[in-house]
Amino acid sequence: MVEFARRTRLRGGDELTAILAGSPPGVLSMTGGFPNPATFPTDELDAIAARLVRGDLAALQYTPVGGIPSVREYVLDRQELLQGRRPDPAELIVTSGGMECIALMCHALLDPGDAVAIEAPTYLGALMAFQGAEADLVPIAMDDDGLRVDALAERLEAGLRPKFLYTIPEYQNPTGRTLPLDRRRALVDVCRRHDVLIFEDVAYRELPFDGRSLPSLWSLGPDVVVQAGTFSKTLFPGVRLGWAAGPSGVVAELAAAKQNTDQCAGGLGQRLLEEYGRAGGFERHLPAARELYASHWAALSAALSRHMPDTVRWTEPTGGFLTWLTLRERADAIALRPAATEAGVAYVPGVPFGGTPNTLRLSFSHLGESELETAVHRLATVLA
Ligand SMILES: Cc1ncc(COP(=O)(O)O)c(C=O)c1O
C-alpha cells in the first residue's frame, strides 16, 4: 500500500482538473479561463520557433534560474513600458507561469498555520495552493468594486497579521470585478502601515476591453507588493511563462525556491517570447484580442439580459474573460450541474472559489458569439 503525504488530502477537490479536461462533445463549455485560439499568433510563432530550433543554443539549453539574461532584459523593459516602473534586475525573475509564482510564494513564505488573507471568492488554483501549504485562509469581503479595503483595514487594526494578502485587481477570477484607483492607493497605504505584503496577480491585466489600465499595485507600492504575471492570456498558455516582480529580498527567496521546482522556465518558450515581443508582436496582436473579448462579452451580456430569469444577477466586467452569476437565494449551482450538462451547457459552480451555493462563474473567452447565445438560452432553461 502506498502511503501518500498528508498534503495530498489538503488540496481540495478536482474542479481544476475537470476544467482543464474540457467538456463532453455537444456541451457548450463556459468553464475555463482559456484564451481564444483565434488570438494565437501562429504564423509569427512558426517562423520564430523554426529559427530557434535550428540552432539557438540558449533556447535549447538549461537556463539560469531567474531566466535567460536577454529575456529578463525584455521583461524588465516591458514592465517599464506597461507599468511605468522598471524593476531593478534583483526585483524580477521569469517563472513557468502565474501558477508557478503562486507555488513559489507558498514555498518561500508559508509555514503551516500562517494566515493568508484572500478575496472571497478568489482563483481556485491559488486557493488550492494556499490550502496545500496548510495556510489559515482569512476571507475578506468584496463588493462590485472588488476587495473591500475598509474590511481588510478593520481586520488589520484588530490584530490580523497575514503573511500576505492575495488579490487580483483586474477582471478578477472568478468575479470579473476591478479595483478602482482610490482603493488601490488605500490598499497599498494600509498594508504598508501594517507591514503586510500584498501578493498581486495580474493574469488578465493586459486585456481591458477599452485598452486602458489602472496603475498596478506593484507600481504604486514596489516595497510592499509582489506581482505574479503570466503570458498565458496574452501569448498562449502552452508556453507556460510568467514573471514575479517584487522586493529583492522576497524575489531572492522565490528564486531559491525555484531551484526545487523546475529550476528554470523552458528556454525555448523564453526565447520565443523575447523574439516575438521585441518584434512588436504584442502591440500588433493585443488590440484585436481585446476587441474580440469585448465583443464576446457584449454578446454574452445581451444573451443574459434576454434569457435569464429576473432573479438572476451578474457582474459587468470591463476586461478579461469572466462574469459571476448570483442565482435566486435557495438555488444550488452544484446540484443544477447535471441538468445543465444534460441540456448541453457547462459552467463552474461558485462554491469551490469560496462563493455561496447560489453562485456560478461563466467564461466568455472561448465560445463564439452565437454559441454564447445558445449556451445562455440552455442555461436559462435549466434555471427556470
Ligand atoms: C487569476 C489567475 N492567476 C493565475 C493563473 C494561472 O496562470 P498560468 O497559466 O500562467 O499558470 C490563472 C489562470 O487561469 C488565473 O486566472
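As a reminder, the structure under discussion sits directly above these lines.
None of these values were measured; they are calculated from a predicted model. (Residues numbered from 1 in each chain as written. Predicted model: local features only at pLDDT ≥ 70, side-chain atom pairs only at ≥ 80, totals over all residues. Heavy atoms only, no water.)

Participant: Describe the overall build of the protein, and please don't skip the residues or the numbers.
Facilitator: Scanning the protein for helices and strands turns up 14 helices and 15 strands. Over its C-alpha atoms the protein spans a radius of gyration of 21 Å, differing by no more than 12% from the 21 Å that the globule rule assigns to 384 residues. Dimensions of the protein, computed from the C-alpha atoms along their principal axes, are close to 55 × 55 × 55 Å. Across the 384 residues of the protein, 55% fall into the buried class. In the form shown here, the protein has an accessible surface area of approximately 16,400 Å², with 53% of it arising from carbon and sulfur atoms. Of the side-chain charges in the protein, 36 are positive and 47 negative, and the distance between the mean point of each set is 1 Å. (Helix = DSSP H or I, 4+ residues; strand = E, 2+ residues; numbered from the N terminus. Rg over C-alpha atoms; globule rule 2.2 N^0.38 Å. Buried < 20%, exposed > 50% of the residue type's maximum accessible area, 1.4 Å probe, protein only. Areas by Shrake-Rupley, 256 points an atom, 1.4 Å probe, with all protein chains shown as cover. Lys, Arg positive; Asp, Glu negative; His and termini not counted. Charge placed at Lys NZ, Arg CZ, Asp CG, Glu CD.)

Participant: An account of the packing of aromatic side chains is needed here, citing residue identities and associated values.
Facilitator: Going through the model one piece at a time under the given rule, you end up with 13 aromatic pairs. Measuring from centroid to centroid gives 5.4 Å for Phe 130 and Tyr 166, while their planes differ by 75 degrees, and the two rings are edge-to-face. Within this pair, whereas Phe 130 is found in helix H6 (residues 124-132), its partner Tyr 166 is found in strand E7 (residues 164-167), the two being separated by 36 residues in sequence. Ring geometry for Tyr 204 versus Phe 321: centroids 5.2 Å apart, planes at 75 degrees, classification edge-to-face. Of this pair, Tyr 204 sits in the loop between strand E8 (197-201) and helix H9 (217-220) while Phe 321 sits in the loop between strand E11 (313-314) and strand E12 (322-326), and the two are 117 residues apart along the sequence. Taking the relative accessible area as the measure of exposure, Tyr 204 reaches 3% and is therefore buried. An aromatic cluster is defined as three or more aromatic residues linked by ring pairs; in this entry it consists of Phe 130, Phe 164, Tyr 166 and Phe 199. Its end group placed over the ring of Phe 282, Arg 78 keeps NZ or CZ at 4.1 Å from the ring centre. (Phe/Tyr/Trp six-rings, centres within 6.5 Å; stacked < 30°, edge-to-face > 60°. Lys NZ or Arg CZ within 6 Å of the ring centre and 35° of its normal.)

Participant: Outline a nonpolar patch on the surface, listing residues and values.
Facilitator: A surface patch of nonpolar side chains, about 250 Å² in accessible area, is lined by Val 53, Leu 60 and Leu 268. By secondary structure assignment, the location of Leu 60 is in helix H3 (residues 57-60). (Patch = residues over 30% accessible without salt bridge, like charges linked within 9 Å, V, L, I, M, F, W, Y side chains within 5 Å. Salt bridge = Lys/Arg side-chain N within 4 Å of Asp/Glu carboxyl O.)

Participant: So what about the site of the ligand? Which residues, and what values?
Facilitator: The full set close to the ligand counts 13 residues, and Gly 98, Asp 201, Thr 230, Ser 232 and Lys 233 are the nearest of them. Measuring from an oxygen atom of the ligand, one finds a backbone N or O atom of Met 99 at 2.9 Å. For the ligand, a nitrogen atom lies 2.6 Å from a polar atom in the side chain of Asp 201. Across the shell around the ligand, the residue classes break down as five nonpolar, five polar and three charged. (Near = heavy atom within 4 Å. Polar contact = N/O pair within 3.5 Å; in protein donor to acceptor, adjacent residues only side chain to side chain. Nonpolar A, V, L, I, M, F, W, Y, C, P; charged D, E, K, R; others polar.)

Participant: Now, about the side chain of Arg 205: what can you tell me, with residues and values included?
Facilitator: Of note, Arg 205 is situated in the loop between E8 and H9. Note on Arg 205: relative accessible area 7%, which makes it buried. A polar contact is formed between the side chain of Arg 205 and the backbone oxygen of Leu 214, at a distance of 2.8 Å. For Arg 205, the contacting residues outside a window of four places in its chain are Leu 82, Gln 83, Glu 170, Tyr 171, Arg 184, Ser 213, Leu 214, Pro 215 and Ser 216. (Contact = heavy atoms within 4.5 Å.)

Participant: So what's going on with the pattern of salt bridges? Residues and values would help.
Facilitator: Per the counting criterion, the structure on display carries 23 salt bridges. Between Arg 86 and Asp 77 there is a salt bridge, with its nearest N and O atoms 2.5 Å apart. Relative accessible area serves as the criterion here: at 31%, Arg 86 is assigned to the partly exposed category. Linked through salt bridges whose partners overlap, the residues forming this network are Arg 51, Asp 56, Arg 271, Glu 274 and Glu 275.

Participant: Describe the pairing of strand E4 (residues 136-140), and please don't skip the residues or the numbers.
Facilitator: Relative to E4, strand E3 (residues 115-119) runs parallel, the two being bridged by five bridges. Across the sheet, the residue bridging to Ala 115 is Asp 136, located in E4. A crossover links E3 with its parallel partner E4, the connecting element being H6, and its sense is right-handed. (Pairing = 2+ DSSP bridges. Right-handed = clockwise from strand over helix to strand, strands pointing away.)

Participant: Explain the pairing of E7 residue by residue, including any values.
Facilitator: Neither face of E7 is open: one carries Phe 164 and Tyr 166, the other Leu 165 and Thr 167, and all of them are buried. Bridge count for E3 against E7 is three bridges, and the pairing is parallel. Bridge pairing in E7 links Ala 117 to Leu 165. Examined bridge by bridge, E7 and E8 share four bridges and lie parallel to one another. Each bridged residue has a counterpart across the sheet, and for Thr 167 the counterpart in E8 is Glu 200. With helix H8 (residues 181-193) bridging E7 and the parallel E8, this β-α-β connection has right-handed handedness.

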